[in-house]
There are 2 protein chains.
Amino acid sequence: MLNEFEKKIYKFIKNYNIYEKYDKILLAISGGKDSMSLLKVMYKISKIMNLEIGVAHFNHKLRKESEEEKIFVEEEAKKLKIKYYYGEANEKNYKNIELSARNMRYDFLFDIAKKNNYNKIATAHHMSDLVETIIYRLSRGTGIYGVSGLLPINEMLTRPMLTVTLKEIINYVTIDNVKYKIDKSNFENNYSRNRIRNKILPELELINDNFENNFFKFARIAWEYRQQVENEYLKRIHQNENKFYFDIKKDIFDEEVLRLFFLRCKQYPPNYEETKKIIKMGSKKSKQFKGIKIEKNKNTLIIERE
Amino acid sequence: MLNEFEKKIYKFIKNYNIYEKYDKILLAISGGKDSMSLLKVMYKISKIMNLEIGVAHFNHKLRKESEEEKIFVEEEAKKLKIKYYYGEANEKNYKNIELSARNMRYDFLFDIAKKNNYNKIATAHHMSDLVETIIYRLSRGTGIYGVSGLLPINEMLTRPMLTVTLKEIINYVTIDNVKYKIDKSNFENNYSRNRIRNKILPELELINDNFENNFFKFARIAWEYRQQVENEYLKRIHQNENKFYFDIKKDIFDEEVLRLFFLRCKQYPPNYEETKKIIKMGSKKSKQFKGIKIEKNKNTLIIERE
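On a predicted model such as this, the values are computed, not experimentally measured, just so you know.

Caption draft 1: The arrangement of the packing of aromatic side chains in detail. Summed over the entire model, instances satisfying the criterion amount to 28 aromatic pairs over all chains. Look at Y16 of chain A and W223 of chain A: their rings are 5.4 Å apart centre to centre, the planes differ by 85°, and that puts the pair in the edge-to-face class. In this pair, Y16 of chain A sits in the loop between α1 (4-15) and β1 (24-28) while W223 of chain A sits in helix α10 (residues 211-236), placing the two residues 207 residues apart along the sequence. The exposure class of Y16 of chain A is partly exposed, given its relative accessible area of 25%. Assessed through its relative accessible area of 7%, W223 of chain A is described here as buried. For the ring pair F261 of chain B and F262 of chain B, a centre distance of 6.4 Å and an interplane angle of 85° mean the geometry is edge-to-face. Among the residues examined, F262 of chain B registers a relative accessible area of 0% and is labelled buried. Among the aromatic residues, those joined into a ring-pair cluster are F12, Y16, F216 and W223 of chain A. The cationic tip of K24 of chain A hangs over the ring face of Y118 of chain A; the distance from NZ or CZ to the ring centre is 4.7 Å.

Okay, structure coming up:
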């Protein structure tokens, strides 16, 4: 019943426990080939896995075709008897197009999901997006924890198509005659992203025509690293009343766990050098960093938020 | 006495313990701007740190200017009263230019170092080379252990200039009037490397003009990861007569340590899936992999080489 392309995604969902029986999943559908493939694949998989799916379309109102796309997605959802949710941009917010287009869309998705009891959201990010993200983050600065930022599952957000490339999607919509209207790159006006997609990826392909799968393999290892950082966080940091006690074990995870602590406090974490200084400060010393007081006692950091 | 550029390299040498007093270091000098900068910087640093340096020049005999370059490097070494060693390519070996040019040069360097009691070799690899290597390896497939392959110190090989970019080198040779003849890219005829250098790096610069330092920061974290893999190797694998006992701890390092074991046996390591299968096989089961027998007993792998 599933073809090779769909099987690949199904296997990925199984391997990474992205969904389980009775999940209620809101699909983010722009109407482009990526998301229309997501809709078709998830429709089939929902029958096999006993999932409930809904379609959410956000109209950015940036192009004249928006109205047409809205109707297209709505009709496709109706044909499949899938619930359809619609939202549109507030034009007042369009000062910084790049940032707010994305933010508005996500706000809409989370809002619809919450109001309608969806426990997961699915986006159509694919393997080529993953490669883009890795290159983008390395250029702008990241560690191993951050490099693979596009995760198969991250709290409510899920990305079941990370296992297929844009080429495979193009092949799928062509051979399987999947209807679509637009391409997300048309309205996500991100200069750097477009530069990576249009200039760098074609060069990488000339170096190795399997480069996307190679980056993907790297990402899988980075995901596991990220998971271990989170496991180590639970092992090393304990809360007691208003204080957090952090057992330093003198390995690479000390620094990762400290940075993660800041992230979870919604604070921008200390940089590489600052992190090392905090970890390595002498016993009985203390530091203040962004409203967080850190005191050292032997191999324990005692952390207090103001 | 040291300018900003030289100080940066000196600080890097200190931070990573690349050299210590009385080290005898053989500098690989082609005559290009990278290596002539290395020569000048290391000459100054050798006085401060009490190091002994020698110059090794390898003539690839691939271009008509080779003879001139040879004489140039020899004269520059003489001016500084530094020992000079010369080697040249055996033209019979030039079937695969790319591979053997590099191999011949390294064979020459290690051979000269050994015969003349140099305990370290220094090459002029810089931060832009590091970025190239990261992109190249990601495209061809690598994990976190392999991604940062250019290390500041790897057994005898040292790379004190990883902390400066090509632009900084160009600035240095211009302002400090460092004489040089050629550029290594002229004779290292590597298609993929040149593609990254000439097509991809300029694009990355448009995305973030500090991209090289950002990749460098990532590499520093990957170096620490690599160090920890090596520490875990020592903790987890013990030899007893002909057998190796590997204590599985159920974290990401199990797989890294297993792959490193194969590398140290001069065997190509199992891939991601194969590694997982070996680590996760049931107790009392065994597998044969490239002439290496692996048996599991509870949480221990018992490994025997044939």
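Moving on, there is more to tell.
Caption draft 2: Up close: the sheet that holds strand β10 (residues 292-297) of chain A. Residue and element names in this part refer to chain A. With antiparallel pairing, five strands are arranged side by side in an open sheet as β7-β8-β11-β10-β9. Strands at the two margins of the open sheet, each flanked by one partner only, are β7 (237-240) and β9 (286-289). Direction aside, the axes of adjacent strands within the sheet are offset by 25° on average. Looking at chain direction, strand β8 (residues 243-247) and strand β11 (residues 300-305) are connected through five bridges and run antiparallel. Its bridge partner lying in β11, Y245 is registered against I302.

Caption draft 3: Geometry of unusual backbone geometry. All names here are of chain A. Its identity is not glycine, yet N177 carries a phi of approximately 55°, on the positive side. Along the chain, N177 falls in the loop between α7 (166-175) and α8 (184-187). Note on N177: relative accessible area 64%, which makes it exposed.

Cut-off values and rules
Residues numbered from 1 in each chain as written. Chains lettered and ligands numbered in written order. Predicted model: local features only at pLDDT ≥ 70, side-chain atom pairs only at ≥ 80, totals over all residues. Heavy atoms only, no water. Phe/Tyr/Trp six-rings, centres within 6.5 Å; stacked < 30°, edge-to-face > 60°. Helix = DSSP H or I, 4+ residues; strand = E, 2+ residues; numbered from the N terminus. Buried < 20%, exposed > 50% of the residue type's maximum accessible area, 1.4 Å probe, protein only. Lys NZ or Arg CZ within 6 Å of the ring centre and 35° of its normal. Pairing = 2+ DSSP bridges. Axes fitted to C-alpha atoms, helices over the stretch in contact; angles between N-to-C directions.

The quantities given are spatial measurements derived from coordinates; they are silent on function.
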